[in-house]
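# Working through the structure, step by step
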Amino acid sequence: MKQILMIEVSPRGEDSASRSVADTLAARLTRLYPSARLIRRDLAAERLPQLDEITLRAISTQDPAEAERLKAAADQSDRLTDELLDSDLLVIATPMWNFGIPSALKAWIDLVVRSGRTFRYADGAVVGLAKDKKAILVLASGGVFTEDPWRSWDFVEPYLRQILGFIGIVDVQTVRAEGMNLPWLAAEVVPKANKAVEALAL
Ligand SMILES: Cc1cc2nc3c(=O)[nH]c(=O)nc-3n(C[C@H](O)[C@H](O)[C@H](O)COP(=O)(O)O)c2cc1C
């Protein structure tokens, strides 16, 4: 394990369940892989832009001359994509917001899911280029989505698994910190998730 990339999304600082569980995971990973480089990319501290016309053109043009001319506009996407491709393990620690992922995380995804870098099409099929990586999702939510009746409202885990699979990351484990807004569960949510972190196959 050479590099671990941890994407943290919640803006709730010390109150954040996903960050608290990510801390436990970071500590375990550091114990297991002391020589690995651990990058903690904090999307609440570092606001990523939404794709605008010039950035979109810069990261999608097939014309080498245009790519060279628009190099600066592709810089942030290039750096984030390199960081992902150079990592052996990706951790995404995120809240559920309005049944999906926060737009800050979507902005990161839009910058790293790139034709020719992290996926390509071959004979009409998609080939993921982010090979030989594992991922761990740390998902915090106010309600409980691993059982009915709310299971079908979860657009976080199915989406993240789908988009990671699209770029070639299919070995994905999930740790849930769910029930944060349910008074009868809330106190136990983070301790339970921390236990699940200790049980992960790493
Ligand atoms: C803007 C916003 C939207 C939210 N939407 C949902 C939701 O759709 N479903 C849910 O179960 N909890 C929802 N919550 C509750 C959060 O998922 C919960 O507080 C979780 O602990 C947030 O993760 P964090 O503690 O890492 O910040 C929402 C919270 C906020 C602030």
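Quick note: structure is the one above.
Remember, predicted model here, so these are calculated numbers, not experimental data. (Residues numbered from 1 in each chain as written. Predicted model: local features only at pLDDT ≥ 70, side-chain atom pairs only at ≥ 80, totals over all residues. Heavy atoms only, no water.)

Under the definition given, this model contains two cavities of 30 Å³ or more. In this model, the largest cavity occupies a volume close to 40 Å³. Around the largest cavity, the lining residues are Thr 94, Pro 95, Met 96, Leu 139, Ala 140, Ser 141, Asp 154, Val 156 and Arg 176. Mapped by element, the contributors of at least two residues to the lining of the largest cavity are β3 (89-95) and β6 (134-141). Per element, the largest residue contribution to the lining of the largest cavity is three residues, and it comes from β6. For the lining of the largest cavity, a count of residues per class yields five nonpolar, two polar and two charged. Space inside the second largest cavity adds up to approximately 30 Å³. Considering the residues around the second largest cavity, the lining is formed by Leu 84, Trp 108, Ile 109, Val 112, Val 113, Ile 163, Leu 164 and Ile 167. Elements that contribute at least two residues to the lining of the second largest cavity include exactly α5 (103-112) and α6 (157-166). Residue composition of the lining of the second largest cavity, grouped by class: eight nonpolar, no polar and no charged. (1 Å grid on protein atoms, 1.4 Å probe; cavity = no way out; pocket = protein on both sides within 12 Å on 5 of 7 lines; lining within 4 Å. Points joined across faces, edges and corners; volume = space filled by probe spheres on them. Helix = DSSP H or I, 4+ residues; strand = E, 2+ residues; numbered from the N terminus. Nonpolar A, V, L, I, M, F, W, Y, C, P; charged D, E, K, R; others polar.)

Enumeration over the complete set of coordinates arrives at 19 salt bridges. Here Glu 53 ties to Arg 57 by a salt bridge, and the two come within 3.7 Å at their closest N and O atoms. With a gap of four residues between them, Glu 53 and Arg 57 both fall in helix α2 (residues 53-60), about one helical turn apart. Close ionic contact of Arg 57 with Glu 66 constitutes a salt bridge, the shortest N to O distance being 3.8 Å. Judged by its relative accessible area of 43%, Arg 57 is partly exposed. Taken together, the salt bridges that share partners define one network made up of Glu 53, Arg 57, Glu 66 and Arg 69. (Salt bridge = Lys/Arg side-chain N within 4 Å of Asp/Glu carboxyl O. Buried < 20%, exposed > 50% of the residue type's maximum accessible area, 1.4 Å probe, protein only.)

A bend of about 35° at Ser 77 is the largest found in helix α4 (residues 71-85). Restricting attention to buried positions, one finds in α4 the residues Ala 74, Ser 77, Leu 80, Thr 81, Glu 83 and Leu 84. Looking at the packing, one finds that the buried side of α4 touches β1 (3-8), β2 (37-42), α2, β3 and α5. (Bend = angle between axes of the 7 residues up to and from the residue. Contact = heavy atoms within 4.5 Å.)

Here the focus is the packing of α4 against α5. Look at α4 against α5: their axes get within 8 Å of each other, and the N-to-C directions meet at 90°. Relative to α5, α4 is oriented roughly perpendicular. For the pair α4 and α5, contact is made by Ser 77, Leu 80, Thr 81 and Leu 84 and by Trp 108, Leu 111 and Val 112, respectively. Here the residues of the contact of α4 with α5 are counted per class, giving five nonpolar, two polar and no charged. (Axes fitted to C-alpha atoms, helices over the stretch in contact; angles between N-to-C directions. Parallel < 35°, antiparallel > 145°, perpendicular 65-115°, else oblique.)

Bringing the site of the ligand into the picture now. Inspection of the region around the ligand gives 17 residues, with Ser 10, Arg 12, Ser 16, Ser 18 and Gly 143 positioned closest. Contact distances for the ligand include 3.0 Å between a nitrogen atom and a backbone N or O atom of Gly 142. Within the complex, 78% of the 620 Å² of free accessible area of the ligand lies under protein. When atoms are counted within 2 Å of each cavity's grid points, the one that captures over half of the ligand is the largest pocket. Going through the elements one at a time, α1 (17-32) and β6 are the ones with two or more residues in the shell around the ligand. Residues that form the shell around the ligand fall into these classes: eight nonpolar, eight polar and one charged. (Near = heavy atom within 4 Å. Polar contact = N/O pair within 3.5 Å; in protein donor to acceptor, adjacent residues only side chain to side chain. Areas by Shrake-Rupley, 256 points an atom, 1.4 Å probe, with all protein chains shown as cover. Sits in = over half its atoms within 2 Å of the grid points.)

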